[in-house]
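Here's the letter readout for the chains.
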Amino acid sequence: MGRGINRLTARKVEGASQPGRHSDGGGLYLNIAKGGTKTWVFVYRSPVHRINRAGKEVGKTREMGLGSIDSVKLAVVRDRSRELRQVLTDGRDPLDVPTARREKSSAIPTFGALADDLIASLEVGWRNPKHRAQWKMTMQHYAAPLRLLPVDQVDTDAVLAVLRPIWQIKPETASRVRGRIEKVLDYAKALKHRQGENPAAWRGHLALMLPKQNVLSRGHHAAMPPQDLPAFVERLRSLDS
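Since the model is a prediction, treat every value here as computed from it, not as a measurement.

Quick notes on the rules
Sequence positions are assigned chain by chain, starting from 1 and proceeding in written order. In keeping with the model being predicted, local features are shown solely for residues with a pLDDT of at least 70 and side-chain atom pairs are shown and tallied solely at 80 or more, while totals for entire chains, interfaces and linings include all residues. With hydrogens and water set aside, each side-chain value is computed from the structure's full complement of heavy atoms. With a 1.4 Å probe rolled over the protein chains alone, any residue whose accessible area is under 20% of its type maximum counts as buried; one over 50% counts as exposed, and the rest are partly exposed. Helix numbering and strand numbering both begin at the N terminus, where a helix is a DSSP run of H or I of at least 4 residues and a strand a DSSP run of E of at least 2. A pair of strands is treated as paired once DSSP finds two or more bridges between them. In this text, buried Ala, Val, Leu, Ile, Met, Phe, Trp, Tyr and Cys residues form a nonpolar core when linked through side-chain atoms within 4.5 Å. Contact criterion: two residues are considered in contact whenever any of their non-hydrogen atoms come within 4.5 Å of each other. A residue's pLDDT is the predictor's confidence in that residue, given on a scale from 0 to 100. To estimate how far a helix should extend, the number of its residues minus one is multiplied by 1.5 Å. It is the directions from the helix axis to the C-beta atoms whose arc is reported.

Novice: Mind showing me how you'd approach the pairing of strand β2 (residues 28-32) here?
Specialist: Side-chain positions along a regular strand alternate between the two faces of the sheet. Here β2 shows one buried face, formed by L28, L30 and I32, and one open face, formed by Y29 and N31. In terms of strand pairing, strand β1 (residues 20-25) meets β2 through five bridges, oriented antiparallel. Bridging across to β2, H22 finds its partner in L30. Between β1 and the antiparallel strand that follows it, β2, lie two residues; G26 among them carries a positive phi value of about 65°.

Novice: Would you mind going over the nonpolar core with me for this structure?
Specialist: Core analysis: the biggest nonpolar cluster contains 30 residues, and F111, M139, L146, I181 and V184 have the highest contact counts within it. Among the secondary structure elements, those contributing two or more residues to this core are α4 (111-122), α5 (129-142), α7 (156-167) and α8 (171-190). With residues near it in sequence (within four places) discarded, I181 still touches F111, M139, L146, V159, V162 and A200. The next biggest cluster of nonpolar side chains, apart from the first, holds 19 residues, and it includes A16, F42, M64 and L74.

Novice: I keep staring at the confidence of the model for the chain and nothing clicks. Help me out?
Specialist: If pLDDT is low for a region, its predicted coordinates should not be looked at in detail. Summary statistics for the chain give a mean pLDDT of 83 and a share of 85% for residues scoring 70 or more. Per-element confidence in the chain ranges from a low mean pLDDT of 48 for helix α3 (residues 99-107) to a high of 95 for α8. Low pLDDT, under 50, characterises residues 99-106; the stretch is placed with five contacts to residues that sit more than four places away or in other chains.

Novice: So what exactly am I meant to see when it comes to the side chain of R147 here?
Specialist: For R147, the location among the structural elements is in helix α6 (residues 144-147). For R147, a relative accessible area of 8% puts it in the buried group. With near-sequence residues (within four places) excluded, R147 lies in contact with S71, T110, F111, G112, A115, D116, M139 and Q140.

Novice: So what exactly am I meant to see when it comes to α5 here?
Specialist: Count 3.6 residues to each turn of an α-helix, and residues three or four apart come out pointing the same way. The first and last C-alpha atoms of α5 sit 19 Å apart over 14 residues, in line with the 20 Å expected at 1.5 Å per residue. Among the residues of α5, W135, T138, M139 and Y142 are the ones counted as buried. One face of α5 carries all of its buried residues, which in axial projection span an arc of 115°. Facing away from the buried side of α5 by over 90 degrees, the exposed positions are P129, K130 and H141. Of the surrounding elements, those touching the buried residues of α5 are α4, α6, α7 and α8.

Below is the structure:
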């Protein structure tokens, strides 16, 4: 099952239009409906056996939907399918084993769903379209690893996994991403979808775990002595340019 994995690319996923299933390998498929809708599906053979007519134990082919390409990016869905393959390796059926977790998750929204809800509720007060676009981009791109997680399962490790790769090379962006993740998690807490401290909080928490950022210093011009100012102004007045 491990052969030929990661056949697709983000460009192929975006450009694919032929209805049907396009394999990424390892049981993960891009499914394109006749209407053009693109979704992810995990296809596998259940380890829960039955006896066929020949007296042999066989597994049943099953499918698990993993969301649309708009809400679940390729890298994220690959991580999810890797987890599902491990469940199969352990001799369990992905659709049967996490029943309690799925029931809990159905009541607890994902981080991505709440992020989108928060943006929708706030954007009516944003006058700058650029601000709206930046919020959406950071929550869909940089926070992509969090989007599929039930919001009550987002912990410090998950937040750090998002921030560390960009903390030094994109300090301003990283700071904004952190603040927006914190706001989404505060929003979740206000809606009673999670409890406890915010794992994206800065003071007393992430400030103790992340290094000081490299801030670009543009420097300053040398200061003019106050006594030279009158002569400088007089000289400026004498110039034609």
